[in-house]
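A closer look at the structure
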Amino acid sequence: MLNEKLQQIIDVLPIIKQLFEQDVFLTVMDGKAVVQGVEVPNGVQPKVFVGEVFQDSTGVLYEVLKTGKSKHNYLPKEVVGEALEGILVPVKDSGEVVGCVVCTYSVDKREQMAQITNKFQESVNNVTDSIRTVLSGIEELFGMLTSMNEMTNSVESDVNNAVGVVNKISQNASRSNILALNASIEATHSGEYGRGFAVVASQMGKLANDSGRSATEIKATLHVITEHLSSIISSIKDANGMAKQHMEDIGAIQEVLQETLVLAGKLEENIGKH
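Residues numbered from 1 in each chain as written. Predicted model: local features only at pLDDT ≥ 70, side-chain atom pairs only at ≥ 80, totals over all residues. Heavy atoms only, no water.

This brings us to the overall build of the protein. Within the protein, the regular secondary structure consists of six helices and five strands. Each helix and strand of the protein, placed in order from N terminus to C terminus, yields the pattern α-α-β-β-α-β-α-β-β-α-α. Here the protein holds 274 residues, and 31% of them are scored as buried. Accessible area of the protein: about 17,500 Å², with a carbon and sulfur share of 57%. (Helix = DSSP H or I, 4+ residues; strand = E, 2+ residues; numbered from the N terminus. Buried < 20%, exposed > 50% of the residue type's maximum accessible area, 1.4 Å probe, protein only. Areas by Shrake-Rupley, 256 points an atom, 1.4 Å probe, with all protein chains shown as cover.)

Empty space among the atoms can be located by rolling a probe the size of a water molecule over them. Applying the stated rule across the entire model yields one cavity of 30 Å³ or more. In terms of lining residues, the largest cavity is bounded by 20 residues, among which Thr 27, Phe 54, Leu 75, Leu 84 and Thr 104 are the most central. Counting only elements with at least two residues in the lining of the largest cavity, the list comes to strand 1 (25-30), strand 2 (35-39), strand 3 (71-75), strand 4 (84-93) and strand 5 (96-106). No other element matches the four residues that strand 1 contributes to the lining of the largest cavity. Split into classes, the residues belonging to the lining of the largest cavity amount to 14 nonpolar, three polar and three charged. (1 Å grid on protein atoms, 1.4 Å probe; cavity = no way out; pocket = protein on both sides within 12 Å on 5 of 7 lines; lining within 4 Å. Points joined across faces, edges and corners; volume = space filled by probe spheres on them. Nonpolar A, V, L, I, M, F, W, Y, C, P; charged D, E, K, R; others polar.)

Strand order in the open sheet made by the five strands is 2-1-5-4-3, with antiparallel pairing throughout. At either end of the open sheet lies a strand with only one pairing partner, and these are strand 2 and strand 3. Taking the axes of each pair of neighbouring strands and ignoring which way they run, one obtains an average angle of 25° across the sheet. Pairing analysis gives six bridges linking strand 1 to strand 5, with the strands arranged antiparallel. Residue pairing across strands places Val 28 opposite Val 101, the latter belonging to strand 5. (Pairing = 2+ DSSP bridges. Axes fitted to C-alpha atoms, helices over the stretch in contact; angles between N-to-C directions.)

Let us look at the side chain of Lys 17. Within the secondary structure, Lys 17 sits in helix 2 (residues 13-18). In contact with Lys 17, not counting residues within four places along its chain, are Asp 23, Val 24, Leu 26, Glu 39, Val 40 and Pro 41. (Contact = heavy atoms within 4.5 Å.)

For helix 3 (residues 60-67), every residue scored as buried is listed here: Val 60, Leu 61, Val 64 and Leu 65. Within helix 3, the buried residues cover an arc of 140° as seen down the axis, which keeps them to one side. Positioned one or two residues after helix 3, Gly 68 has a phi angle of 75°, which is positive. (Arc of directions from axis to C-beta.)

In terms of nonpolar packing, the biggest core is built from 17 residues, with Met 29, Phe 54, Leu 61, Leu 65, Leu 88 and Cys 100 touching the most fellow members. Within the residue set of this core, elements represented by two or more residues are strand 1, helix 3, strand 4 and strand 5. Ranked by residues supplied to this core, first place goes to helix 3 with four residues. Apart from residues no more than four positions distant in its own chain, Cys 100 is found in contact with Leu 6, Thr 27, Val 28, Met 29, Leu 61, Val 64, Leu 65, Leu 88, Val 89, Pro 90 and Val 91. (Core = buried A, V, L, I, M, F, W, Y, C linked by side-chain atoms within 4.5 Å.)

Spelled out as structure tokens, the structure:
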């Protein structure tokens, strides 16, 4: 025959359940862990049934029945089909433990939320790592562009120096041409004695003309090179600006992700408290 106190508790289980705001699972067991009464949330199928022995793999139920002391317990999903958490309270009659009342509530949703939060944190961490890698690449690119800009400026300076040298060659060729012309005129005035000198003067004139043409061609080529270098320098400066802007943008994204991680951590902490 069932203990009178246990029967009284079973009779008022529906009333006790109404005292809780959240859906709870109430179970009354006798001293041998046999289920004697069950009250579950509306629309939910009971996981344990009257008349069966409750198998508690955690050992907490048997400890409560043995010691007569209330205990908090957590039942993993494998025990009754969903994760439960709650308290086990011994029922005593004349100082003897005659049974136990178990009041639990589902933590499935909490655990699912915790799993989602963990996955979210992992995803954010992965994105952060990827951004860190991209940022490192952009920083390296920024350094390479800066180095290229310096080298290009140096080449442009060398080209400008070369243009100066070519200008001097062109000027010297022009002077040489004038000297050769004057020498030819003087050789003509010298008659027979000036023929040999006239030949030399003529060759000097040709050499001066050739030098002048070469200088003009080199100058034109250097001018084209200078224009190309100017375009390259301009492009490098634009690329540098874009790289710097991207670094700033990615840095801002990193800050937002870090704030998101902090919020996710707080969410996980709050989930653990409820």
